[in-house]
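# Descriptive structure summary
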Amino acid sequence: MSRVICAGHVNWDVTLRVDALPEPDGEATVESRVGAGGGSAANVASGLVGLDVPAALLGSVGDDEHGHAAVAELASKGVDCRHVVSVDRGPTTVKYIVVDAAGEVFVLGSPGVNEAFEATDLPTDPLASADHLHLTSQSPETAATLARRAHEVDTTVSFDPGRRVGDRGYADALREVDYVFLNDREAATALGEAAVERGRSADAEPVSDVAEALARATLVLKHGPRGAEVRDGDERHVHPGYPIDAVDTTGAGDAFASGFIAARLDEATYERALAVANACGALTAAEPGARTRLSWRRLDDLVEG
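The protein chain carries the name Sugar kinase in an unreviewed UniProt entry, which gives Haloferax sulfurifontis ATCC BAA-897 as its organism. As recorded by UniProt, the Sequence similarities (unreviewed entry) comment attached to the protein chain reads in full: "Belongs to the carbohydrate kinase PfkB family."

Here the focus is a nonpolar patch on the surface. On the surface, Tyr 96, Phe 106 and Leu 108 cluster together to form a nonpolar patch covering roughly 260 Å² of accessible area. Mapped onto the secondary structure, Tyr 96 falls in strand β6 (residues 94–99). A relative accessible area of 33% means that Tyr 96 is categorised as partly exposed.

Across all of its chains, the model carries 13 salt bridges by this definition. Taking the shortest distance from any N to any O, the salt bridge between Arg 3 and Asp 131 comes out at 2.6 Å. One end of the pair, Arg 3, is in the segment before β1 (4–7); the other, Asp 131, is in the loop between α3 (124–129) and β8 (132–136), with 128 residues separating them in the sequence. Taking the relative accessible area as the measure of exposure, Arg 3 reaches 30% and is therefore partly exposed. Its relative accessible area of 33% is what places Asp 131 among the partly exposed residues. Across the pair Arg 236 and Glu 229 runs a salt bridge, and its minimum N-O distance is 3.1 Å. Of the residues examined, Arg 236 reaches a relative accessible area of 41% and is grouped as partly exposed. Beyond isolated ion pairs, a larger network of salt bridges with shared partners links Asp 172, Arg 175 and Glu 212.

Tallying each qualifying case throughout the model produces 4 aromatic pairs. Residues Phe 159 and Tyr 170 carry aromatic rings whose centres are separated by 5.0 Å and whose planes lie at 85° to one another, so their mutual orientation is edge-to-face. Taken together, the residues Phe 159 in strand β9 (residues 156–160) and Tyr 170 in the loop between β9 and α5 (171–174) connect sequence positions 11 residues apart. The exposure class assigned to Phe 159 is buried, which follows from its relative accessible area of 0%. Tyr 170 gets classed as buried once you look at its relative accessible area, which sits at 0%. Ring plane angle 90° and centroid distance 5.6 Å describe the contact between Phe 181 and Phe 260, whose orientation is recorded as edge-to-face. Residue Phe 181 is found in strand β10 (residues 179–183), and its partner Phe 260 is found in helix α9 (residues 252–265); the two are separated by 79 residues along the sequence.

This part covers the side chain of His 134. Among the secondary structure elements, His 134 is positioned in strand β8. If near-sequence neighbours (up to four positions away) are discounted, His 134 is found in contact with Ile 5, Cys 6, Ala 7, Val 44, Ser 158, Phe 159, Asp 160, Phe 181, Ala 257 and Ile 261.

Take the side chain of Arg 231 next. In this structure, Arg 231 sits in strand β12 (residues 228–232). Within the structure, the side chain of Arg 231 is placed 2.9 Å from the side chain of Glu 229, a separation counted as a polar contact.

Take the pairing of strand β4 (residues 55–62) next. The buried count for β4 comes to 8 of 8 residues, which makes it a mostly enclosed element. Side chains Ala 55, Leu 57, Gly 59 and Val 61 project from β4 onto one buried face, and the interleaved Ala 56, Leu 58, Ser 60 and Gly 62 project onto a second face that is buried too. The sheet contact formed by β1 and β4 spans 4 bridges and is parallel. Directly across from Cys 6, in β4, lies its bridge partner Leu 57. In terms of strand pairing, β4 meets strand β5 (residues 80–87) through 6 bridges, oriented parallel. Following the sheet pairing, Gly 62 is matched in β5 by Val 87.

As a further point, take the nonpolar core. Of all hydrophobic cores here, the largest spans 53 residues; its most connected members are Cys 6, Leu 48, Leu 57, Val 220 and Phe 260. Ignoring sequence-local partners within four residues, the contact set of Cys 6 consists of Ala 41, Val 44, Ala 45, Leu 48, Ala 56, Leu 57, Leu 58 and His 134.

Cut-offs used in this document
Residues numbered from 1 in each chain as written. Predicted model: local features only at pLDDT ≥ 70, side-chain atom pairs only at ≥ 80, totals over all residues. Heavy atoms only, no water. UniProt positions renumbered as here; feature names shortened; annotations may be inferred. Patch = residues over 30% accessible without salt bridge, like charges linked within 9 Å, V, L, I, M, F, W, Y side chains within 5 Å. Areas by Shrake-Rupley, 256 points an atom, 1.4 Å probe, with all protein chains shown as cover. Salt bridge = Lys/Arg side-chain N within 4 Å of Asp/Glu carboxyl O. Helix = DSSP H or I, 4+ residues; strand = E, 2+ residues; numbered from the N terminus. Buried < 20%, exposed > 50% of the residue type's maximum accessible area, 1.4 Å probe, protein only. Phe/Tyr/Trp six-rings, centres within 6.5 Å; stacked < 30°, edge-to-face > 60°. Contact = heavy atoms within 4.5 Å. Polar contact = N/O pair within 3.5 Å; in protein donor to acceptor, adjacent residues only side chain to side chain. Pairing = 2+ DSSP bridges. Core = buried A, V, L, I, M, F, W, Y, C linked by side-chain atoms within 4.5 Å.

See the structure below:
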């Protein structure tokens, strides 16, 4: 039985490490090229399994080499992939991730079928038996339906909507969730920069329908090298993060979510959950690739050190 179900993108990532990110009309030298499974939902599920939290994945891939490889890789790590849908009407989504020497990243995406799955592809029984549902980028309608269904069976919900939080029509889904993960850029888009700086208050005017939808959710704000914080109503809980030399920030936010969810399922305080989450993000950013091997032993060496 899976304690957490992760719903969203399952991709194949092609990571190109370059000497520097080029300017427009410029050129960079490709120092290495690696293909591996990716996608936010898949990354979080993999991280949770490494932290001894049984996790299942809901998503979709093409009936092709990349799709088969992505699912096989996840299954080999212990992720329950029975709800990953293989479709024959398009290819597995491929993302080209370009990483420079400082660990900075930009992403090029090709069209694919990573949003071909529907809420009905997840039966009620596994959702009802799970402790938590984690949503990542996906169809707004699918996200909203899954969140509503989860709350009908008393399963808590978190959502990491990603960089398109402001323009994909996620307001209905955001009204249904318990936790929302946002980085600084996403928070400024969703809440307005002033609200990010001052925090939320009961009399604050929302700047958009997304900000209004977030009014009841607990916000988990990721500040990168400056740590992270939880905003639960007017309460703020802060952790400064860990100093690292970033090698590749791909997947660091997904690892952060894995750590936070795992800690909260273990009834950790917000402070402890942030410490674990920041450690997961730091370990991932300090190594190449989107899926650093997470374990409590590795985290304890960092958190307790």
